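Per-entry structural report
Read off the chains here:
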Amino acid sequence: MKFGVFDHLDDNKIPLGQFYENRLKLAEAYDRAGFHAYHIAEHHSTPLGMGASPGIFMSAVAQRTKNIKFGPLVYLLPFYHPIRLIEEVAMLDQMSNGRFQLGVGRGVSPFETKFYGLDFAQTQGIYHEAFQLLMKGLTSEELTFEGKYFNFQKVPMLLRPIQKPHPPLWYGTTIPENTPWPAANDVNIVIIGLRNTIEACVARYTEERSRLGKDPKTMPLMGASKHVVVADTDAEAMKIARRGYATWRDSFNWLFRRFNAEPRIADLLPPTFDELMKIGNGVAGSPETVRDWIKAEVEATGINYFVSWLAFGDIAYEESLRSVELYSQKVIPALTRQHAPA
Amino acid sequence: MKFGVFDHLDDAGIAQEQLFDNRLRLVEAYDRTGFYGYHVAEHHATPLGLAASPGIYLSAVAQHTKQLRFGPMVYLLPFYHPIRLIEEICMLDRMSHGRFQLGVGRGVSQLESAAYDVDFQKSGKQYHEGFQLLMKGLSDEVLNFDGEYYRFKDIPMILKPLQKPHPPLWYGLVFPDQATWPAANDVNIITLGMSDGIRAVVDRYHAERAKHGKDRSTSPLVGVTRHVVVAKTDDEAMKIARRAYVKWENSFYWLWERHKADPHIRHIYPGTFDELVKIGNGVAGSPETVRKYIAQETEKTDTNYFVSWLCFGDMAVEDALTSTELFAREVMPTFAGK
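Here's what I pulled together on the structure shown here. Predicted, not measured: the structure shown is a model, and the values here were computed from it.

On to the overall build of chain B. Helices and strands together make up the secondary structure of chain B, namely eleven helices and twelve strands. Relative to its length of 338 residues, chain B is compact, with a C-alpha radius of gyration of 19 Å against a globular reference of 20 Å. Along the first, second and third principal axes, the C-alpha atoms of chain B reach 60 × 45 × 40 Å. Put simply, chain B has 338 residues, and 52% of those count as buried.

Take a look at the structure:
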């Protein structure tokens, strides 16, 4: 059982320089606390993601941490020049002593896509080509690729990642139908959804692997990702979570509001943290409360990786730090003891 | 008179991981010893530049330094999606608390452009549009731009740089005609090559400034950039320089040689360090020798910013660190207040 952290790098309502510095200090705390990986979202044109060029933030994370793995969850492949992306991945892996985790995706927001000047109807196709290019470019001395969207002729590839053939792949999903590809390609997954969805995704993923004769011992990480606040008491945690969630949700909805639209996953993100907890999509409480909650979630879904959103909205740096400390001192040890490998 | 450092981050014949580690140690030394700016080249598909995504490297530089200004010299604008570039600049400026220096250019290598699938014939015009777009995007709350190469409508610009309206601009040039635009727009410049060529550029820059009623006293930085190695003795420095230059020169011409092409600049960057010194385009020596050289160069070129390539080729990091310390302790102070 492993534990990770996810971060939208959403607007914290404080000056941006201080915001990034606080997040980097928290990254140091995640590193000290022994979290497996720190996953950063990529967003454009919205306060939901102030780390719009995630590579820039992640390069700083690499410098401020020693052991924790990190990476985008996910890079929006159509939003990059493929050569630049290959260069970035290689550099980040080299500059972190091989800790980079390569999350890939197409970009689910039609609005962010539009603002970036891309045609949402084309980005699925662009994503597939870009992914093939990425895999080729990271493993070739010279790259030639002729596709519908990209054309490169004998490009010398001087930069290489440390992790061979390439850093571990990660993919985000909300439905079981999206699990066969990652299952077949040893791609780690992080699932967004309620308990039944997570369970269904895990089942389908493990089924696919089994069907392909893959060794259960080499099972990649199958994670669920939730808002989590830990404090000394349930009441304290709820207070922090309610306030932080309101700001976070406001940032989340910002772009949809601008277009008079509803997010696809609106039902997963009700207006208040209390309602979020009621549908089982997040937890705020004392270490015991959070520990029990995560334990129940893991048992019900079969995930082997639990990803917490520990900093969101206008939760103060000190509050998040306290959350991390309690999580690492009282939640992880309890859960790892109970899930010790046989 | 200010002092800066330029870096291609060229192949040092060691593991790439080690190259980056070593450079960050050097960068800490540049910061500690009071250099004004650290300028990093952008190259693609060549061992001449392994910080192919300079922003990634510069973010690490920001984390290792407190005072040192830094930036690309230069960002190759046509090689970027303009929104991403704006985002990167804002993040780097904020994460460094306002130390980012925005170098801009079009990219002079046809071969690097081809590798990147950038149309070199169009990249000049594309660069101009990209630059206008960059200036708008860094300061407008909502971006609208209707150009030939770029079109954006009602884009919310969530990120803003710390330095307003934008970080200081930098430009690289070799011909006097290229000085018109930076002179009119308060852009810092760095040039290279032979002293009389540089003097022509500098004279033209100030003449153009004067046309706009701009005073010498408010001049931006006008820099010259050269290979520099400092050691305890001339012999020691030349030994270090000679060896490292071979590797650097090899990387410099690599992409052209691969295509059996010739960049026609061997008169500026000849085959050996001895020849480089002979034409006055670099120096390796004791602090005394280097002091004399810089004084002469500054006099000849009328520049106010001397930008040293302190680490190049397969120079050992310890030699580069010593060079840096000697430069800072025994060369720079001579020019204080000049």
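What follows covers the overall build of chain A. The helix and strand inventory of chain A stands at eleven helices and twelve strands. The C-alpha radius of gyration of chain A comes to 19 Å, within 12% of the 20 Å expected for a compact globule of 342 residues. Taken over the C-alpha atoms alone, chain A extends approximately 60 × 50 × 35 Å along its principal axes. Here chain A, with 342 residues, has 52% of them falling under the buried criterion.

Opposite the 40 residues of chain A that make contact, chain B presents 38 residues. A per-element tally of the side of chain A that touches chain B places helix 2 (residues 54-64) of chain A first, with eight residues.

We now examine the environment of glutamine 178 of chain B. For glutamine 178 of chain B, the position within the fold is in the loop between strand 8 (169-173) and helix 6 (180-184). Taking the C-alpha atoms as reference points, glutamine 178 of chain B and tyrosine 205 of chain B, separated by 27 residues in sequence, lie 8.7 Å from one another.

Okay, the pairing of strand 11 (residues 282-285) of chain A next. All names here are of chain A. Burial of the side chains of strand 11 extends over both faces: Gly282 and Ala284 are buried on one face and Val283 and Gly285 on the other. Pairing between strand 10 (residues 222-230) and strand 11: four bridges, direction parallel. If you follow valine 228 over to strand 11, its bridge partner there is valine 283.

The packing of two helices is summarised by the inter-axis angle and the distance between the axes. All names here are of chain B. Contact geometry for helix 1 (residues 16-32) and helix 11 (residues 317-331): axes closest at 10 Å, N-to-C directions at 10°. Relative to helix 11, the element helix 1 is oriented roughly parallel. Here Asn22, Arg25, Leu26, Ala29 and Tyr30 of helix 1 lie close against helix 11, whose contacting residues are Val317, Ala320, Leu321, Thr324 and Glu325. For the contact of helix 1 with helix 11, a count of residues per class yields six nonpolar, two polar and two charged.

All names here are of chain B. Across the two faces of strand 9 (residues 188-191) the burial is the same, with Asn188 and Ile190 and Ile189 and Thr191 all buried. Pairing analysis gives four bridges linking strand 8 to strand 9, with the strands arranged parallel. Across the sheet, tyrosine 171 pairs through a bridge with isoleucine 189, a residue of strand 9. Pairing analysis gives three bridges linking strand 9 to strand 10 (residues 222-230), with the strands arranged parallel. Pairing of isoleucine 189 across the sheet is with valine 222, part of strand 10.

On to unusual backbone geometry. The omega torsion of the bond from methionine 73 of chain B to valine 74 of chain B falls at 0°, within 30 degrees of zero and hence cis. Within the fold, valine 74 of chain B resides in the loop between strand 3 (69-72) and strand 4 (75-76). That bond from lysine 164 of chain B to proline 165 of chain B is cis: its omega, 0°, falls within 30 degrees of zero. One non-glycine residue, asparagine 97 of chain A, lies in positive phi territory at about 60°. Checked against the element boundaries, asparagine 97 of chain A lands in the loop between helix 3 (82-94) and strand 5 (102-105). Although it is not a glycine, histidine 264 of chain B adopts a positive phi angle of roughly 55°.

Before going further, it helps to spend a moment on helix 5 (residues 123-139) of chain A. Residues and elements named next belong to chain A. Across its 17 residues, helix 5 extends 24 Å between first and last C-alpha, which sits within 8% of the 24 Å expected from 1.5 Å per residue. Turning to helix 5, its buried residues number three or more, namely Thr123, Ile126, Ala130, Leu133, Leu134, Gly137 and Leu138. Looking straight down helix 5, one finds that the buried residues subtend no more than 120° of arc, so they occupy a single side. The elements touched by buried residues of helix 5 are helix 3, helix 4 (110-115) and strand 6 (142-146).

All names here are of chain B. Tracing the chain through its elements places aspartate 215 in the loop between helix 7 (195-211) and strand 10. Owing to 9 C-beta atoms within 10 Å, aspartate 215 belongs among the exposed residues under this scheme. Residues aspartate 215 and valine 74, spaced 141 residues apart in sequence, show a C-alpha to C-alpha distance of 26 Å.

Take the nonpolar core next. The biggest cluster of nonpolar side chains holds 214 residues, and the ones touching the most others in it are Tyr30, Tyr38, Phe57 and Val230 of chain A together with Tyr38, Tyr57 and Val230 of chain B. Apart from residues no more than four positions distant in its own chain, valine 230 of chain A is found in contact with Ala237, Pro287, Val290, Ser323, Leu326, Tyr327 and Val331 of chain A.

A few words on the packing of helix 2 of chain A against helix 3 (residues 82-95) of chain B. Helix 3 of chain B packs onto helix 2 of chain A with a crossing angle of 30° between their chain directions and a minimal axis gap of 9 Å. In terms of orientation, helix 2 of chain A and helix 3 of chain B fall into the roughly parallel class. Contacts from Ile56, Phe57 and Ala60 of chain A in helix 2 of chain A reach Glu88, Met91, Leu92 and Met95 of chain B in helix 3 of chain B. In terms of residue class, the contact of helix 2 of chain A with helix 3 of chain B is built from six nonpolar, no polar and one charged.

With that out of the way, let us pick up helix 10 (residues 287-301) of chain B. All names here are of chain B. In a regular helix each residue adds 1.5 Å, so 15 residues correspond to 21 Å; helix 10 covers 21 Å between its end C-alpha atoms and thus fits that length. The complete set of buried residues in helix 10 reads Val290, Arg291, Tyr293, Ile294 and Thr301. Seen end-on, helix 10 carries its buried residues on one side only, within an arc spanning 165°. In this structure, the buried side of helix 10 is in contact with helix 7, strand 10, strand 11 (282-285), strand 12 (305-309) and helix 11. Just downstream of helix 10, aspartate 302 is the residue with a positive phi angle, here 60°.

Next up on the list: the environment of glutamine 163 of chain A. Residues and elements named next belong to chain A. For glutamine 163, the location among the structural elements is in the loop between strand 7 (151-156) and strand 8 (169-173). With 159 residues separating them along the chain, glutamine 163 and glycine 4 place their C-alpha atoms 20 Å apart. Non-local contacts of glutamine 163, meaning those with residues more than four positions away in its chain, are made with Asp93 and Gly98.

The rules behind the values
Residues numbered from 1 in each chain as written. Chains lettered and ligands numbered in written order. Predicted model: local features only at pLDDT ≥ 70, side-chain atom pairs only at ≥ 80, totals over all residues. Helix = DSSP H or I, 4+ residues; strand = E, 2+ residues; numbered from the N terminus. Rg over C-alpha atoms; globule rule 2.2 N^0.38 Å. Buried ≥ 20, exposed ≤ 12 C-beta atoms within 10 Å, placed from the backbone. Contact = placed C-beta atoms within 7 Å. Pairing = 2+ DSSP bridges. Axes fitted to C-alpha atoms, helices over the stretch in contact; angles between N-to-C directions. Parallel < 35°, antiparallel > 145°, perpendicular 65-115°, else oblique. Nonpolar A, V, L, I, M, F, W, Y, C, P; charged D, E, K, R; others polar. Expected span 1.5 Å × (residues − 1). Arc of directions from axis to C-beta. Core = buried A, V, L, I, M, F, W, Y, C linked by C-beta atoms within 7 Å.

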